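# Tertiary structure, described
One-letter residues, chain by chain:
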Amino acid sequence: MSTLTHQHVKTNGISLHTVQAGPEDGPLLIFLHGFPEFWYCWHRQIDFFAERGFRVVVPDQRGYNLSPKPSSISSYRVEPIARDILGLIESLGRRKAHIVGHDWGGITAWRLGNRYKQWVERLAILNCPHPGVMRRNLFSNPAQLKKSWYIFYYQLPWLPEWTMSRNDWEFARKALQYTSVRGTFGDDDLGRYVAAWSQPGALSAMLGWYRAGMLLMKSRIGKRRPPRKIEVPTLLLWGAKDRFLGREMAQPSVDRCTNGRLIFLEEATHWLQHEEPEKVNSLLLQFLTS
């Protein structure tokens with residue numbers, strides 16, 4: 001087992017809580033979690049990659065767990081969040097990193113690969129479509145619109161916070177359990193999540209990602225720009241039984257890459273790195289070292 005260190009790293013005007021492991025001179029590998037998780041999202045990956053020589057750094061992204069929680073919705077737009085990661089790379093004394101992102105962490109990863117390719121060695125994304133593909137499907141694909149009902153619900157004031165946290169976070173806990181392979185999230189896992197969600201200001205900050213994202217999507221309706229190709233080598237892993245995101249968005253996302261590869265995990269859900277860690281780790285390692 002690798003030794004995990006918890007460090008706060010100053011970046012982009014805030015101080016992100018990070019978990020770090022592996023040799024300090026190893027290739028930098030940054031894992032980015034999504035909603036409603038935190039660094040623990042990657043606990044089945046940290047040791048694996050640290051033991052294979054990578055310097056693994058896993059932040060609590062802004063708004064989550066032990067990282068700062070700005071109060072303004074605009075603080076959770078994708079650009080300042082991406083700049084958090086750029087600043088993190090720089091604060092670690094590096095100029096490049098491998099980036100792996102899941103869910104909203106994937107949105108951050110897509111942004112980094114699109115706008116800041118000089119900072120990214122390789123890009124791996126788990127169950128997160130390219131933002132342009134997601135935007136198009138959200139407003140024109142009835143099946144995806146039905147799957148994404150919660151995105152619109154999260155735009156309401158205070159009610160989502162009340163729903164998720166009432167009865168000792170019953171709704172949030174069941175959301176993880178009922179959308180994953182049975183037994184994926186045990187009592188110890190859920191206890192860790194409840195502790196993270198219960199941090200002062202965390203829940204509204206976490207939902208701020210959805211609220212800022214919706215404002216951005218609405219502002220771009222009707223604006224047609226030629227899509228910019230992702231030039232960084234990209235791997236997209238997709239749990240085919242995802243209850244939130246349709247698999248039809250996967251291939252069009254890879255089509256936005258000049259050097260992209262798509263692999264479906266047919267028995268996995270949205271939470272594939274928890275459910276099939278050995279397979280996910282093997283595929284990521286092969287990609288990152290090829």
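Everything numeric in this text was worked out from a predicted model, so none of it was measured.

As summarised here, the arrangement of the 8 strands in space is S1-S2-S4-S3-S5-S6-S7-S8, forming an open sheet in which the pairing is mixed. Looking at strand neighbours, the two that pair on one side only are strand S1 (5-11) and strand S8 (260-265), the edges of this open sheet. Taken pair by pair, the neighbouring strands of this sheet meet at an average axis angle of 25 degrees, ignoring direction. In this structure, strand S7 (residues 234-239) lies alongside S8, joined through 6 bridges in parallel fashion. In the sheet register, Trp238 faces S8, and the bridge partner there is Phe264. Docked against the sheet, helix H2 (residues 78-91) engages S1, strand S2 (14-21), strand S3 (28-32), strand S4 (55-59) and strand S5 (97-102), running at close to 110 degrees with respect to S1. Across the face of the sheet, helix H12 (residues 277-289) comes into contact with S3, S5, strand S6 (120-126), S7 and S8 while running at roughly 170 degrees to S7.

A cluster of nonpolar side chains, namely Phe139, Leu145 and Phe152, defines an oily patch on the protein surface of about 250 Å² accessible area. Along the chain, the position of Phe152 falls in helix H6 (residues 149-153).

The next point concerns the packing of H2 against helix H3 (residues 104-115). For the pair H2 and H3, interaxial distance at closest approach is 9 Å and the crossing angle is 75 degrees. Taken together, the axes of H2 and H3 are roughly perpendicular relative to one another. Of the residues in H3, those touching H2 at Val78, Glu79, Ile81, Ala82, Ile85 and Leu86 are Ile107, Thr108, Arg111 and Leu112. Here the residues of the contact of H2 with H3 are counted per class, giving 7 nonpolar, 1 polar and 2 charged.

Attention now moves to the side chain of Arg211. Within the fold, Arg211 resides in helix H9 (residues 202-219). A relative accessible area of 12% means that Arg211 is categorised as buried. Polar contacts involving the side chain of Arg211 include one to the main-chain carbonyl oxygen of Leu156, which spans 2.8 Å. Contacts of Arg211, omitting those with residues within four sequence positions, involve Ile73, Tyr154, Gln155, Leu156, Trp158, Pro160, Glu161 and Ser204.

With 12 residues, H3 extends 17 Å between its outermost C-alpha atoms, agreeing within 8% with the 16 Å of an ideal straight helix rising 1.5 Å per residue. Every buried residue belonging to H3 is among Trp104, Gly105, Gly106, Ile107, Thr108, Ala109, Trp110, Arg111, Leu112, Gly113 and Asn114, and all of these are buried.

According to the stated counting rule, one finds 10 salt bridges in the structure shown. Residue Glu161 is joined to Arg211 by a salt bridge in which the shortest nitrogen-to-oxygen separation is 3.0 Å. With a gap of 50 residues between them, Glu161 in helix H7 (residues 159-178) and Arg211 in helix H9 connect regions that are remote in the sequence. Like Arg211, Glu161 is buried. A salt bridge links Glu267 to Lys241; its shortest N-O distance comes to 2.9 Å.

Another point: the environment of Ser72. Inspection of the secondary structure assignment puts Ser72 in the loop between S4 and H2. For the pair Ser72 and Tyr150, spaced 78 residues apart in sequence, the C-alpha separation works out to 21 Å. Reaching out from Ser72, the side chain makes a polar contact with the side chain of Ser75 at a distance of 2.6 Å.

Cut-off values and rules
- Residues numbered from 1 in each chain as written.
- Predicted model: local features only at pLDDT ≥ 70, side-chain atom pairs only at ≥ 80, totals over all residues.
- Heavy atoms only, no water.
- Pairing = 2+ DSSP bridges.
- Helix = DSSP H or I, 4+ residues; strand = E, 2+ residues; numbered from the N terminus.
- Axes fitted to C-alpha atoms, helices over the stretch in contact; angles between N-to-C directions.
- Contact = heavy atoms within 4.5 Å.
- Patch = residues over 30% accessible without salt bridge, like charges linked within 9 Å, V, L, I, M, F, W, Y side chains within 5 Å.
- Areas by Shrake-Rupley, 256 points an atom, 1.4 Å probe, with all protein chains shown as cover.
- Salt bridge = Lys/Arg side-chain N within 4 Å of Asp/Glu carboxyl O.
- Parallel < 35°, antiparallel > 145°, perpendicular 65-115°, else oblique.
- Nonpolar A, V, L, I, M, F, W, Y, C, P; charged D, E, K, R; others polar.
- Buried < 20%, exposed > 50% of the residue type's maximum accessible area, 1.4 Å probe, protein only.
- Polar contact = N/O pair within 3.5 Å; in protein donor to acceptor, adjacent residues only side chain to side chain.
- Expected span 1.5 Å × (residues − 1).

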